[in-house]
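A structural walkthrough
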Amino acid sequence: MKRMAAIVRVVELRKSFGPLEVLRGITFDVREGSVLTIIGASGSGKSTLLRCLNYLEQPTSGEVYLDGKPIGFRIEADGRRAPDTAANISRMRAELGMVFQQFNLWPHMTVLENVIEAPIRVKRLARKEAVDLGRRFLSKVNLLDKENEYPARLSGGQQQRVAIARALAMQPKVMLFDEATSALDPELTGEVLEVMRALAKEGTTMLVVTHEMGFAREVSDRAIFLHNGQIEEDGPPARVFSAPTSERCRQFLSKVLH
Amino acid sequence: MLGSLRESLDLTLFWEYRAILLRGLLENVYIFLGGAMLAMILAFAIGVARLSRRWTVRVLSTGYAELFRNTPEYVLLIWVYYVLPVIFSRLLATRFNFSPYAAAILALGASYSGFMSETVRAGILSVPREHTEAAMSLGMSKWMIMRRIIAPQAIRRMLPEALNQFVSLFKATTFVSLIAVEDLMYKVSMITVHEMRPLPLYTGAALVYCAIIVAAAQLIQHLSDRWRRRGWA
Amino acid sequence: MLDNFNHLVLPNINLLLRGLSVTAYVCFFAFLLAIALGSVACLVRLYVPFIRVVAIGYIEFCRATPIFVQLLWVNYVWPELFGFPKTVVGAGIIALALQSSGYLAETFRSGIEGLSKGQRDAGLAVGMTNLQIMRRIVMPQVVLVMAPSIVNQMTVVIKSSTLVSVIAIPDLMYEALKLVNTWFEPIEILTSTALMYIVAIFLISILAKRVSDHFRSKFGLAGLV
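Note that the coordinates shown come from a computational prediction; the quantities given were computed from them, not determined experimentally. (Residues numbered from 1 in each chain as written. Chains lettered and ligands numbered in written order. Predicted model: local features only at pLDDT ≥ 70, side-chain atom pairs only at ≥ 80, totals over all residues.)

1. Quick look at the overall build of chain A
A tally of regular secondary structure across chain A gives nine helices and 12 strands. In summary, chain A has a C-alpha radius of gyration of 18 Å against a globular reference of 18 Å for 258 residues, a match within 12%. For the C-alpha atoms alone, the extent of chain A along its principal axes is close to 55 × 50 × 40 Å. Counting contacts in chain A only where the partners sit at least 6 residues apart, residues at least 24 apart contribute 64% of the total. (Helix = DSSP H or I, 4+ residues; strand = E, 2+ residues; numbered from the N terminus. Rg over C-alpha atoms; globule rule 2.2 N^0.38 Å. Contact = placed C-beta atoms within 7 Å.)

2. Focus on the environment of A130 of chain A
Residues and elements named next belong to chain A. Tracing the chain through its elements places A130 in helix α4 (residues 127-140). Sequence separation of A130 and I120 is 10 residues, and the distance between their C-alpha atoms is 6.4 Å. If we skip the residues at most four places from it in the chain, A130 touches I116, P119, I120 and L125.

3. Details of the arrangement of the chains
Looking at the two pairs of chains with contacts, the pair that accumulates the most is chains B and C. In this view chain A stays clear of chain B, with the nearest C-alpha atoms of the two still 25 Å from each other.

4. Focus on the interface of chain C and chain B
On the chain B side, the residues contacting the 32 residues of chain C number 34 residues. Counting only elements with at least two residues in the side of chain C that touches chain B, the list comes to α3 (52-64), α4 (67-76), α5 (78-82), α9 (172-183) and α10 (186-219) of chain C. Among the residues making up the side of chain C that touches chain B, the classes are represented as 23 nonpolar, six polar and three charged. (Nonpolar A, V, L, I, M, F, W, Y, C, P; charged D, E, K, R; others polar.)

5. A closer look at the interface of chain C and chain A
At the interface, 20 residues of chain C touch 23 residues of chain A. Put simply, the parts of the chain that give the side of chain C that touches chain A at least two residues each are α7 (117-125), α8 (130-161) and α10 of chain C. For the side of chain C that touches chain A, the per-class residue count stands at 10 nonpolar, seven polar and three charged.

6. A look at the sheet that holds strand β11 (residues 222-227) of chain A
Residue and element names in this part refer to chain A. Spatial ordering of the open sheet is given by β8-β9-β10-β3-β11-β12, a layout of six strands whose pairing is mixed. With one partner strand each, in any of the chains shown, β8 (96-99) and β12 (230-235) form the two edges of the open sheet. Recorded for the sheet is a direction-independent mean angle of 20° between the axes of neighbouring strands. Pairing of strand β3 (residues 35-39) with β11 involves four bridges; the strand directions are parallel. Opposite L36, over in β11, you have R222 as the bridge partner. (Pairing = 2+ DSSP bridges. Axes fitted to C-alpha atoms, helices over the stretch in contact; angles between N-to-C directions.)

7. Let's talk about helix α5 (residues 156-168) of chain A
Residues and elements named next belong to chain A. With 13 residues, α5 should cover 18 Å at 1.5 Å per step; its first-to-last C-alpha distance of 18 Å lies within 8% of that length. Most of α5 is tucked away, with 12 of its 13 residues classed as buried. G157, Q158, Q159, Q160, R161, V162, A163, I164, A165, R166, A167 and L168 are the residues of α5 that are buried. Check the buried side of α5 and you find it contacts β8, α3 (111-121), α4, β9 (174-178) and α6 (186-201). (Expected span 1.5 Å × (residues − 1). Buried ≥ 20, exposed ≤ 12 C-beta atoms within 10 Å, placed from the backbone.)

8. Things to note about the pairing of strand β1 (residues 6-17) of chain A
All names here are of chain A. Where β1 lies against strand β2 (residues 20-31), nine bridges are found, and the strand directions are antiparallel. Across the sheet, A6 pairs through a bridge with R31, a residue of β2. Here β1 folds back onto β2, and the loop between the two strands holds two residues, one of which, G18, carries a positive phi near 60°.

9. Focus on the confidence of the model for chain C
Atom-level detail of predicted coordinates should not be read off regions where pLDDT is low. Mean pLDDT for chain C: 89, with 96% of residues reaching 70 or above. Predicted complex metrics record ipTM = 0.88 and pTM = 0.85. (pLDDT = per-residue confidence, 0-100.)

10. Looking at the nonpolar core
Counting residues in each nonpolar core, the largest one holds 110 residues, and the members touching the most others are L77, A104, Y202 and A205 of chain B together with A30 and L71 of chain C. If near-sequence neighbours (up to four positions away) are discounted, Y202 of chain B is found in contact with V188 of chain B together with L72, W73, Y76 and V77 of chain C. Grouped together as the second largest cluster of nonpolar side chains are 83 residues, V30, V64 and L138 of chain A together with L124 of chain C included. (Core = buried A, V, L, I, M, F, W, Y, C linked by C-beta atoms within 7 Å.)

11. Notes on the sheet that holds β2 of chain A
Residues and elements named next belong to chain A. Pairing in this open sheet of four strands is antiparallel, and the strands run β2-β1-β4-β5 from one edge to the other. Each having just a single partner strand, β2 and β5 (69-70) make up the two edges of the open sheet. Relative to strand β4 (residues 61-66), β1 is paired through five bridges, and the arrangement is antiparallel. Bridging from a neighbouring strand, R9 pairs with Y65 of β4. Packing of helix α1 (residues 46-53) onto the sheet brings it into contact with β1, β2 and β4, and relative to β2 it is tilted by some 65°.

12. Regarding the packing of helix α3 (residues 18-49) of chain B against helix α6 (residues 100-125) of chain B
All names here are of chain B. In the contact formed by α3 and α6, the axes pass within 6 Å of each other and the chain directions differ by 40°. Judged by the inter-axis angle, α3 sits oblique to α6. The element α3 and its partner α6 pack so that their crossing is right-handed. Its residues assigned to classes, the contact of α3 with α6 shows 17 nonpolar, six polar and one charged. (Parallel < 35°, antiparallel > 145°, perpendicular 65-115°, else oblique. Left-handed = near helix turned anticlockwise from the far one by under 90°.)

13. Some thoughts on the environment of S16 of chain A
Residue and element names in this part refer to chain A. Among the secondary structure elements, S16 is positioned in strand β1. Overall, the presence of 14 C-beta atoms within 10 Å leaves S16 in the partly exposed class. Separated by 42 residues in sequence, S16 and Q58 place their C-alpha atoms 9.6 Å apart. The contacts of S16, once residues within four sequence positions are left out, are E21, V22 and T60.

Okay, here's the thing in structure tokens:
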């Protein structure tokens, strides 16, 4: 049974790069255990939005809360906002798992070392404990047999599955997927989507930026269409994909679906 | 220490001897020009030979390049100055001697031809094979393809790297004073013996060379950026 | 010629080998010092804004001044200016290290800047601190990717080290020149000496190539350069 509490809350988020305003006031909540897909043309700000959530990009203004706690700032005793310490930001980031378009596996570490690096260094787990944990998540993405390979030896699909295991190994509250299948050859996207589908089924809270409309429609509880840094369409996937109210969303969908 | 710092930066002595020192620097420039010319000619020949279809030519030219790339310049300089004349004398059964200048140019030219042949080779290899095939399909001869299609592209791509090697070559001209070429460093040691004030003289020499090479490096950077912007290099 | 080799080079081989060991000693410590100075200069240039200019000036000076000039400068000027080095060997090591540290600093910098931004992002995203990312993700990859350039710099140090004979460090070149001045038979002695240098440098370059090929296939690092 899905709980109703908002685990991620985004309030009036704005982000500019120089004169270019990429996000112009984004507000939404994500319920625990739900899957939110974010769609939109390239340049609409989807990736920037995800990167602002875990503070890889510093928002220009607005707030992000994870489980009620603000990310990137804290409220002082006198009620003023102050930037948070680097250590606290790192701690909050660890509670958000992120999967990148380009996988970003560390090439000098084996598959298993990639997965256990953060549990050991950040969570200070004992090595043996981390290895057990790492193996558990590697078997979840069906790559236990590759644990001693270096990333260069794996296919793109396998690398991305390792990256998912690496993020899961920190047991984050929320998983962020930034176009996780865009860099893959078409025949390799299936295996990654399969893993993501399984995670959704288990009740993992997920924010998914994707171009895979079929997947988005099937798996998500809610879809957001971004245009020019604003939410243009927001609702259950059945409605967003079949009967969008926004003309731009309709145009976008007709372009990507045909 | 402050006193010696002031003294080493007091370049009046350096200025006093400017005519002599400048004449020394000119010697560096001559040797640099001679060495660079020789290096370029040898490097082109060797670079092309390393891409030959005949394996004997390939092995010999690669051996040449490896030999000179791996020999310290100073050792080569001494060897050319002291050993080569003796070998020539025995072979020709006459007395034979190199002037220090000839030895310096020969040694530095040979040494840098090794490095530069690698640049030439890489430059030629960087021209896509399809360009040669396109030219062949138009009926151009091998020589014509080399001259009209490959060389112009290869040279553009080689230039920045080759210029950097010229800078290294210029730096290497500083130790030709060791075989008594009367270059800037030679004059500096002479004046030091005379004046007994090494601090300002050696500091001045270091600053002069540093300034020349920084300026050259800046120029190269500027040129390669410009070439790159034009889609040249 | 072989005859000369037998009675000139072989009886003095111990002398030459002793010179070679001094060369090795000087090069080894110069290279260690160069790595230390180069790392500091590189990190300051990249991450310490208010003294970045100092680092850039240092790097440019080291790279732009010819090694021979630096050698004489350090040997004759430094003892009066800074009170050290006290020995010629110290001066040789410092001069060689200065020169290489400039190049190594730039090598390290291009390694760090060449690393894709995604590598750091991945570290940040799992909650690693900047220091952890530097130590665990950036540094190892820079060393692996730049291994050929770093080893190549080692061969440059050996080549430049031939000049330290000029300030009377008894290295291989010094011993060889001394023998030549004693016997006036340059051919065999100088040729053997040259061969010793060539072989040493050649072996190191071969090793560097092997190592870099190995890394390339194992870690797929080619794409990172």
